[in-house]
Amino acid sequence: MNVHSEDSQSPKDGKRRQILEAALELFSDYGFHGASMAKLADKASVPVGTIYRHFKGKEELIHALYVEMKRERFAAMLEGYDPEAPLRDRFDLFWRNTFAYCVSHPREFKFAEQYAFSPFLRDVGKAIQIDMTAELGKFFGDGYAQGVFKTLPPQILSALISGPLNALVTREIAGIVKLNPADRQSVMDACWDAITV
């Protein structure tokens, strides 16, 4: 992330963390355009100038927050990951971990969804580069090598998984559906079937 204070390179930096946490709350509640820098400064309990010492402007702040949210989501997705486990076991772990993280972090989920459907995703290169971890790369590579996955790019296979998963998370957070373990397994099976030959 390209910020302006020497200390801000550390994720432990207190002021930067305050700003990011306030931004997450405001952006998820009011959207990108409904959260002014003045409102953000008030929410973070810092002067507006402090925000600009850490970020060039709102766009850089949004990108930085997106990168942090994606990294956090990937870390949660990889909990308990075994790179040598059977392919289907790895898939189920990724799916369950991602679903559990998103449902238990509704603000982060809402922010990531806003970002994904905004011009920001098309405009920034750095945030997009973290969309594939080494573990996911190996997962897809193993699936292709074993002849298990459809011959589509990993980004498309990921979309066939994340589309239904994100739609279900949205409905679960809104209280429209409540998936029991059997329902979750059925959805995982459907996502698996969507990407396999």
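The rules behind these values
Residues numbered from 1 in each chain as written. Predicted model: local features only at pLDDT ≥ 70, side-chain atom pairs only at ≥ 80, totals over all residues. Heavy atoms only, no water. Axes fitted to C-alpha atoms, helices over the stretch in contact; angles between N-to-C directions. Helix = DSSP H or I, 4+ residues; strand = E, 2+ residues; numbered from the N terminus. Parallel < 35°, antiparallel > 145°, perpendicular 65-115°, else oblique. Contact = heavy atoms within 4.5 Å. Nonpolar A, V, L, I, M, F, W, Y, C, P; charged D, E, K, R; others polar. Buried < 20%, exposed > 50% of the residue type's maximum accessible area, 1.4 Å probe, protein only. Patch = residues over 30% accessible without salt bridge, like charges linked within 9 Å, V, L, I, M, F, W, Y side chains within 5 Å. Areas by Shrake-Rupley, 256 points an atom, 1.4 Å probe, with all protein chains shown as cover. Salt bridge = Lys/Arg side-chain N within 4 Å of Asp/Glu carboxyl O. Arc of directions from axis to C-beta. Left-handed = near helix turned anticlockwise from the far one by under 90°.

(A) Layout of the packing of helix H1 (residues 14-30) against helix H4 (residues 58-77). Where H1 meets H4, the axes come as close as 10 Å, and the angle between the chain directions of the two elements is 90 degrees. When the interaxial angle is binned, H1 and H4 end up roughly perpendicular. Facing H1, whose interface residues are Arg16, Arg17, Ile19, Leu20, Ala23, Leu24 and Phe27, H4 presents Lys58, Leu61, Ile62, Ala64, Leu65, Glu68 and Met69. Each residue belonging to the contact of H1 with H4 can be placed in one class, and the counts come to 10 nonpolar, no polar and 4 charged.

(B) Geometry of the environment of Gly57. You can see Gly57 is positioned in the loop between helix H3 (48-54) and H4. A relative accessible area of 14% means that Gly57 is categorised as buried. C-alpha separation for the pair Gly57 and Met37, spaced 20 residues apart in sequence, amounts to 8.5 Å. Setting aside residues up to four positions removed in sequence, Gly57 forms contacts with Met37 and Tyr52.

(C) Region of interest: a nonpolar patch on the surface. Nonpolar side chains collect at one region of the surface, where Leu152, Ile156 and Leu160 lie side by side and expose about 210 Å² of accessible area between them. Mapped onto the fold, Ile156 is located in helix H9 (residues 154-173). Owing to a relative accessible area of 41%, Ile156 belongs among the partly exposed residues under this scheme.

(D) Up close: helix H6 (residues 106-116). Within the sequence span of H6, burial applies to Glu108, Phe109, Phe111, Ala112 and Tyr115. Angularly, the buried residues of H6 cover 165 degrees about the axis, an arc narrow enough to put them on a single face.

(E) View of the packing of helix H5 (residues 87-104) against H9. At their nearest, the axes of H5 and H9 sit 10 Å apart, and the two run at 35 degrees to each other. Here H5 and H9 pass one another in a crossing that is right-handed. Between H5 and H9, the residues in contact are Phe91, Trp95, Thr98, Phe99, Cys102 and Val103 and Ile161, Leu165, Leu168, Val169, Glu172 and Ile173, respectively. For the contact of H5 with H9, the residue count by class is 10 nonpolar, 1 polar and 1 charged.

(F) The arrangement of the pattern of salt bridges in detail. Under the definition given, this model contains 9 salt bridges. Between Glu25 and Lys43 there is a salt bridge, with the nearest N and O atoms lying 2.8 Å from each other. With Glu25 in helix H1 and Lys43 in helix H2 (residues 37-44), this residue pair connects regions lying 18 residues apart in the sequence. The class for Glu25 is partly exposed, based on a relative accessible area of 26%. Close ionic contact of Asp142 with Lys138 constitutes a salt bridge, the shortest N to O distance being 2.9 Å. Taken together, the residues Asp142 and Lys138, both in helix H8 (residues 134-145) and 4 residues apart, mark about one turn of the helix. We classify Asp142 as buried; its relative accessible area is 18%. The class for Lys138 is partly exposed, based on a relative accessible area of 32%. Each of Arg16, Arg17 and Glu68 takes part in salt bridges that share partners, so that together they form one network.

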